[in-house]
Amino acid sequence: MRGQKNVLIVAAHPDDEVFGCGGTIARHVAEGDKVDIFFLADGVSSRDEYMNDQNKERINAAIKAAEILGADKPRFACFPDNKMDTVPLLDVIKKIELAVEELKPNIVYTHHGSDLNIDHRLTQEAVMTACRPFPGSTIMAIYSFETVSSTEWAPPNMGPKFQPSRFVEISEFMEQKRLALECYSTEMRDFPHARSYEGVNALSRLRGTSVGVSDAEAFEILREIV
């Protein structure tokens, strides 16, 4: 018996959730699961041209993308973009712990721990600490996703390369993923950039054909209880 599951996506920045697991989010919702998204950093404040309106626009984009995918309204911690290493890790962990306590997720998705982006790496570290396997925990699985232009751009000395061990077919949900990405149109780039629509589609095809389906998203299993 499957039953409804509570799913929590902990992402560093608004757009990471769609790049990494947008199709999987839509599939969870279609299968009757409840999906919440928690963003840790604002995603824009590190930019030279940053203005406060950009943060509001990114938040609005995240809310719209969540609606398209069928997830609940996202939560935002608003830690500084690309400066999460300036925030005490304990502060980040406590934010996640509060979300876990309230939402009681059964499945957690987060970043790969060796990404080029420092916020991605610290997000996984904080998630794994906040989701320690205490007796009575509701969390049965933790998976890490890949984020284009960060996961594959990391040099070998950054840490172990992304080695997917779980694949979720998203062939029926590619249109929803594209529509969600369009909410972040200012973050998209022209082909052949990895963050182009064509690049995202190529990755989903690669992951899909690796396991004999049209389109898939790939994950590493960080912890799974069966």
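What you see is a predicted model, and the numbers here were worked out from it, not measured in a lab. (Residues numbered from 1 in each chain as written. Predicted model: local features only at pLDDT ≥ 70, side-chain atom pairs only at ≥ 80, totals over all residues. Heavy atoms only, no water.)

Looking at this model, I keep getting lost on the environment of S149. Mind explaining?
Positionally, S149 belongs in the loop between β5 (141-145) and β6 (166-169). Classification of S149 by relative accessible area gives buried; the value is 13%. With 32 residues separating them in the primary sequence, S149 and N117 have C-alpha atoms 9.1 Å apart. In this structure the side chain of S149 is engaged in a polar contact, spanning 2.8 Å, whose partner is the side chain of R195. (Helix = DSSP H or I, 4+ residues; strand = E, 2+ residues; numbered from the N terminus. Buried < 20%, exposed > 50% of the residue type's maximum accessible area, 1.4 Å probe, protein only. Polar contact = N/O pair within 3.5 Å; in protein donor to acceptor, adjacent residues only side chain to side chain.)

Quick question: what am I supposed to make of helix α6 (residues 197-209) here?
Under the 1.5 Å per step criterion, the end-to-end length of α6 is 18 Å for 13 residues, consistent within 8% with the ideal 18 Å. Where α6 is buried, its residues touch α1 (16-30), β6, α5 (174-182) and β7 (216-224). (Expected span 1.5 Å × (residues − 1). Contact = heavy atoms within 4.5 Å.)

Explain the packing of α1 against α5 to me, please; I cannot follow it from the model alone.
Helix-helix packing is described using two parameters, namely the angle between the two axes and the distance between the axes. Two elements in contact, α1 and α5, have axes separated by 8 Å at closest approach and are oriented at 135°. Regarding the angle of α1 to α5, the classification is oblique. For α1 against α5, the interelement crossing comes out right-handed. For the pair formed by α1 and α5, the contact residues are V18, F19, G23 and A26 on the first element and Q176, K177, A180 and L181 on the second. (Axes fitted to C-alpha atoms, helices over the stretch in contact; angles between N-to-C directions. Parallel < 35°, antiparallel > 145°, perpendicular 65-115°, else oblique. Left-handed = near helix turned anticlockwise from the far one by under 90°.)

By themselves, these are just geometric observations and shouldn't be taken as functional.
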